[in-house]
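Here's the letter readout for the chains.
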Amino acid sequence: MTKIDKSEFTITSDDDEIRVDGLCRTLLQDFHGQLLRNGVSPLDAGSLAHGADYFIRDFVVSARRRNLFQESANTVRPFAATWYIISNLEPTAEELTAHLRGVREFYRFLHAEGLISETFLDLIEKECDDMHWYRERIESFWNITDDGYLAWERECSLKKR
């Protein structure tokens with residue numbers, strides 16, 4: 001893998017977003033290749049890379065416009081508990097689990113490459129492991145009535161604070 005300058009992943013404009021999307025695509029291809037070299041089957045490697053790709057390029061880069069190396073709590077939680085649910089016609093715990101498997105493995109890859117701290121990896125893994133709560137969020141989303149959406153969204157808001 002080529003040397004990564006984490007500052008190149010900062011997004012301040014539309015042009016940056018397009019550039020960073022390309023950088024992420026290359027990084028995700030490196031991740032996929034590493035999985036294959038480690039003996040992961042092509043089907044499983046593709047599934048893990050797809051899950052990571054959806055999170056990184058669609059959520060972190062496009063929806064949040066964040067540098068994927070920005071180490072902070074609540075990196076995965078807004079994706080899994082809110083954004084994924086409202087961005088899909090039929091969100092399911094099974095599909096979300098597959099995405100989160102990819103996210104977890106991708107951040108393990110970043111850690112192995114020395115690109116994120118062990119503390120941040122631990123945070124990511126904990127957020128990926130909270131499937132019980134994410135299942136409840138999906139169920140409660142389907143049970144929203146009247147003007148209940150705002151209260152539901154506030155539990156794990158996508159709004160910047």
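The structure displayed is predicted, hence computed values, not measured ones.

Cut-off values and rules
Numbering of residues begins from 1 in every chain and follows the order in which that chain's sequence is written. Per-residue local features are limited, in this predicted model, to residues with pLDDT of at least 70; the limit for side-chain atom pairs, both in listing and counting, is 80 or more; totals at the level of whole chains, interfaces and linings are taken over all residues. With hydrogens and water excluded, all non-hydrogen atoms of the structure serve as input to the side-chain values. Secondary structure is summarised from DSSP: a helix means a run of H or I of at least four residues, a strand means a run of E of at least two, and numbering begins at the N terminus for each. Radius of gyration here uses only the C-alpha atoms, and the compact-globule reference equals 2.2 Å multiplied by the residue count raised to the power 0.38. Per-residue accessibility, obtained with a 1.4 Å probe over protein chains only, is compared with the maximum for each type, and a residue is labelled buried under 20%, exposed over 50%, and partly exposed between these values. Two residues qualify as a contact provided that any one of their heavy atoms is within 4.5 Å of a heavy atom in the partner residue. Working definition of accessibility: Shrake-Rupley area with a 1.4 Å probe, residue cover restricted to the visible protein chains. In predicted models, pLDDT denotes the confidence assigned by the predictor to each residue on a 0 to 100 scale.

Helix and strand counts for the protein stand at seven helices and zero strands. The N-to-C order of helical and strand elements in the protein reads α-α-α-α-α-α-α. The C-alpha atoms of the protein give 16 Å as radius of gyration, which agrees with the globular expectation for 161 residues (15 Å, within 12%). With the principal axes as the frame, the protein shows a C-alpha extent of 50 × 35 × 30 Å. When burial is assessed residue by residue, the protein has 43% of its 161 residues classed as buried. Within the protein, contacts between residues separated by at least 24 positions form 66% of all contacts whose residues are at least 6 apart in sequence. By element, 50% of the accessible surface of the protein is carried by carbon and sulfur atoms, the whole surface being about 8800 Å².

Once that is clear, we can look at helix 3 (residues 77–87). Helix 3 sits mainly inside the fold: eight of its eleven residues count as buried. When we look at burial in helix 3, the residues that qualify are Pro78, Phe79, Ala80, Ala81, Thr82, Trp83, Tyr84 and Ile85.

Before going further, it helps to spend a moment on the environment of Trp133. Mapped onto the elements of the fold, Trp133 is located in helix 6 (residues 131–142). When the C-alpha atoms of Trp133 and Ala81 are compared, they prove to be 7.9 Å apart, with 52 residues separating the residues in sequence. Excluding residues within four positions of it along the chain, Trp133 makes contact with Arg77, Ala81, Glu155 and Cys156.

This part is about the confidence of the model for the protein. Here the protein averages 95 in pLDDT, while 98% of its residues score no lower than 70. The secondary structure element of the protein with the lowest average pLDDT is helix 7 (residues 149–154), at 94, and the one with the highest is helix 4 (residues 93–112), at 98.

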